[in-house]
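# Overview (structure and organization)
Each chain, letter by letter, is given below.
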Amino acid sequence: MPGLPEDPLMVAALELHLDERATRRIRVLWDLLEDLGVQTLRTPHDGKHRPHVSLISARALDPDAVVEALKPVRVATPLRLNFQFAGVFVGRVVFLGLAPTPDLMRHQAEVWRHLTGAGIEGLPLYDPGEWVPHCTVSMRVPRPILTDALRRCLEVLPIEATVKKAAVVDYARDIYRELP
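The paragraphs below set out a description of the structure included in this document. Keep in mind that what you see is a predicted model, and the values were worked out from it rather than measured. (Residues numbered from 1 in each chain as written. Predicted model: local features only at pLDDT ≥ 70, side-chain atom pairs only at ≥ 80, totals over all residues. Heavy atoms only, no water.)

## Considering the side chain of His 52
Here His 52 shows up in strand 2 (residues 52-58). You can call His 52 buried: its relative accessible area is 8%. Separated by 3.3 Å, the side chains of His 52 and Glu 15 make a polar contact. A polar atom in the side chain of His 52 sits 3.4 Å from the side chain of Ser 54. Excluding anything up to four places from it in sequence, His 52 contacts Glu 15, Leu 16, His 17, Leu 41, His 134 and Cys 135. (Helix = DSSP H or I, 4+ residues; strand = E, 2+ residues; numbered from the N terminus. Buried < 20%, exposed > 50% of the residue type's maximum accessible area, 1.4 Å probe, protein only. Polar contact = N/O pair within 3.5 Å; in protein donor to acceptor, adjacent residues only side chain to side chain. Contact = heavy atoms within 4.5 Å.)

In structure tokens form, the structure reads like this:
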């Protein structure tokens, strides 16, 4: 897919982290999918991943530059999120989809504007108007169990969540920096 790195796990992101209840429910889904034979985000990078929604993703992000660019923005604003559907991106990437509320879409666009205004560019799939708000649960589901994996995802929905934290992360490079 044009614009994506060769290894989709080798990217940095600005993540919104969820409240404890929603995080727990998504981790239960990860367990159910792992039992089915699907590698979830629980497994890579020594289990450092946490359920999240990425506002921007890039090949690399300088945490200091991101913090500076986003000084005027409260990234971890307590947005209410509603995971309403499951989907599949190209490459059999399975995700939980969010209702694209005006507040969420406005917040993502504001963060994107501040970052790009500071010369920090993300992958084109995260440009406003292209971004699909979601929480990835698996980067590549084997074709024979894709339908079962989607069924498991649908069984845990809907999930109501509130944003509690935000962070610049790049687990392959051991970067984790919380933002206000």
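Continuing now.
## With respect to unusual backbone geometry
Residue Pro 158 is bonded to the preceding Leu 157 through a cis peptide linkage, with omega at 0°. Backbone geometry at Arg 92 places phi at a positive 65°, although glycine is not the residue there. Along the polypeptide, Arg 92 turns up in the loop between strand 3 (80-89) and strand 4 (93-98). Within the chain, Asp 174 stands out as a residue other than glycine whose phi angle is a positive 55°.

## Overview of helix 1 (residues 20-36)
In a regular helix each residue adds 1.5 Å, so 17 residues correspond to 24 Å; helix 1 covers 24 Å between its end C-alpha atoms and thus fits that length. Within helix 1, burial applies to Ala 22, Thr 23, Ile 26, Leu 29, Trp 30 and Leu 33. In an axial view of helix 1, the angular spread of the buried residues amounts to 120°, which keeps them on one side of the axis. For helix 1, the exposed residues lying more than 90 degrees away from the buried face are Glu 20 and Asp 35. Structurally, the start of helix 1 carries an N-cap: the backbone nitrogen of Arg 21 is 3.1 Å from a side-chain oxygen of Asp 19. (Expected span 1.5 Å × (residues − 1). Arc of directions from axis to C-beta.)

## Focus: the packing of aromatic side chains
Taken as a whole and assessed by the stated rule, the structure comprises two aromatic pairs. Judged by centre distance (6.3 Å) and plane angle (85°), the ring pair of Phe 85 and Phe 95 falls under edge-to-face. One end of the pair, Phe 85, is in strand 3; the other, Phe 95, is in strand 4, and ten residues separate them in sequence. Overall, the relative accessible area of 33% leaves Phe 85 in the partly exposed class. What makes Phe 95 buried here is its relative accessible area of 5%. Seen from their ring centres, Phe 89 and Phe 95 are 4.1 Å apart, and the 20° between their planes marks the pair as stacked. Through a chain of ring-to-ring contacts, three or more aromatic side chains come together here, namely Phe 85, Phe 89 and Phe 95. (Phe/Tyr/Trp six-rings, centres within 6.5 Å; stacked < 30°, edge-to-face > 60°.)

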